[in-house]
Amino acid sequence: MRTLFTISILICTIGLFGQNQPVFTQYVFNNYALNPAVGGSFPCSDFKFGRRAQWDGLEGAPTTSFFTFNTAINRKFGYMKSFNGVGAMYIADEAGPYSNRALYFSYARHFHVNRTTLLSLGSFVGVRSYVYGGAGVITNTFDPIVNTTSSVLQMPEVHPGAWLYSKKFFAGLAVFNLYPFKLKSGGNAIGSPSNITPMVVATYGKIIKSKGYYYKFIPSTQLRFTPNASPSVDFNFLWEIQNKITFGASYRSMSSVAAMLQVKMLHRFKFGYSVGYGVGSISGLKPFSHEIMLSFQACKDVEALKEEHACP
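Just so you know, these numbers come straight off a predicted model, no measurement behind them. Once a new chain begins, its residue numbering starts again from 1 and follows that chain's sequence as written. In view of the model being predicted, local features appear only for residues whose pLDDT reaches at least 70, and side-chain atom pairs are presented and counted only at 80 or more, with totals across whole chains, interfaces and linings using the full set of residues. As a rule here, side-chain values cover all heavy atoms of the structure and leave hydrogens and water aside.

### Topic: a nonpolar patch on the surface
A grouping of Phe 49, Met 265, Leu 266, Phe 269, Phe 271, Ile 292 and Leu 294 is seen on the molecular surface, where their side chains present a nonpolar patch of about 620 Å² in accessible area. Counting only elements with at least two residues in the nonpolar patch, the list comes to β18 (269-278) and β19 (288-298). Counting from the N terminus, the helices are the DSSP runs of H or I reaching at least four residues and the strands are the DSSP runs of E reaching at least two. Tracing the sequence through the fold places Phe 49 in strand β1 (residues 45-53). Nonpolar side chains (Val, Leu, Ile, Met, Phe, Trp, Tyr) within 5 Å and like charges within 9 Å form the patches, drawn only from residues with over 30% relative accessible area and no salt bridge. Exposure was quantified through the Shrake-Rupley algorithm and a 1.4 Å probe, taking into account, for residues, occlusion by the shown protein chains and nothing else. Here a salt bridge means any side-chain nitrogen of Lys or Arg lying within 4 Å of a carboxyl oxygen belonging to Asp or Glu.

### Concerning the packing of aromatic side chains
When the centres of two rings from Phe, Tyr and Trp lie within 6.5 Å, Trp using its six-membered ring, the rings pair. Their planes under 30 degrees apart give stacked, over 60 give edge-to-face, and anything left gives tilted. One pass over the structure, following the stated rule, counts 14 aromatic pairs. Here Phe 217 and Phe 237 contribute two aromatic rings whose centre-to-centre distance is 6.2 Å and whose plane-to-plane angle is 25°, an arrangement assigned as stacked. Of this pair, Phe 217 sits in strand β14 (residues 215-225) while Phe 237 sits in strand β15 (residues 232-241), placing them 20 residues apart in sequence. Taking relative accessible area as the criterion, Phe 217 reaches 25% and is therefore assigned partly exposed. Cation over ring: Lys 270 sits above Phe 29, and NZ or CZ is 5.8 Å from the ring centre. Throughout, exposure labels follow a simple rule: accessible area from a 1.4 Å probe, protein chains only, divided by the maximum for the residue type, with under 20% read as buried, over 50% as exposed, and the rest as partly exposed. For a ring to carry a charge above it, either NZ of a lysine or CZ of an arginine must fall within 6 Å of the ring centroid while also lying within 35 degrees of the normal to the ring plane.

### Some remarks on the pattern of salt bridges
Inspection of every chain in the model, using the stated rule, returns seven salt bridges. With a shortest N-O distance of 2.8 Å, Asp 234 and Arg 252 are connected by a salt bridge. Here Asp 234, found in strand β15, pairs with Arg 252, found in strand β16 (residues 245-252); they are 18 residues apart in sequence, far enough to count as distant. Residues Asp 234 and Arg 252 agree in their burial class; the two are buried. Connected through shared salt-bridge partners, Arg 224, Asp 234 and Arg 252 make up one network.

Next up, the structure:
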């Protein structure tokens, strides 16, 4: 019986797969973080800060902090010629003994498909540092893999994307970790072996305006897919009132439900908060996740913030 149990454990641990890119409930708030082609689609320079804490109350639970910036170059609103978008993103991820820091720069080119629809193609290019702090992991006996601290510097990372958008809809496709690689650098390695594989992110949403433009409804969905792992799908619904306050709800397949609130302040600032509840939470843990985002749009003219533009 003991032999059978041991064999079963070994079979179950032959291959393990996990998330290696950030996931946000409020992805509509900052689509740029998951698709570099979004950069430059705003009429103003756009700054965003945020933090996500998952599984509230669990020691070593995953947390993600980020900062993004993007702006358009030589864009003239209503002008039919193409224009450029540039930006940058910094992400810090923590999960138990694992942590990573990444800095990316992006470039995107926006083309007019017709007078109302634009297509942009772009890519993130940057560097990421992975760290595994095995020295803080407690085991009964020393394990040369589990109890070893390692760090790996991966460069360059390339994440291309495409974005199709107008005042009525948005759709995008991005590929993270276009070139799969092993967590190994020189004499250091994380795991035995550990590989980072590509992740595909597909997004689609509609912008439905009520008569008189008093309300705006934004239903959307996002699919994340990694080879050899089950896909994850988000269904999101936002209800915006006079471009000032937004209420929302979200469902992540077989994972969680969430409520969202976004408030616009002083024309240039927007604050977003979401709280999620795990559907299949681990026994004894608080199943809540919290996500906070703050944006600042730097326009020379405040009236530019009120203009109707192709919404990303």
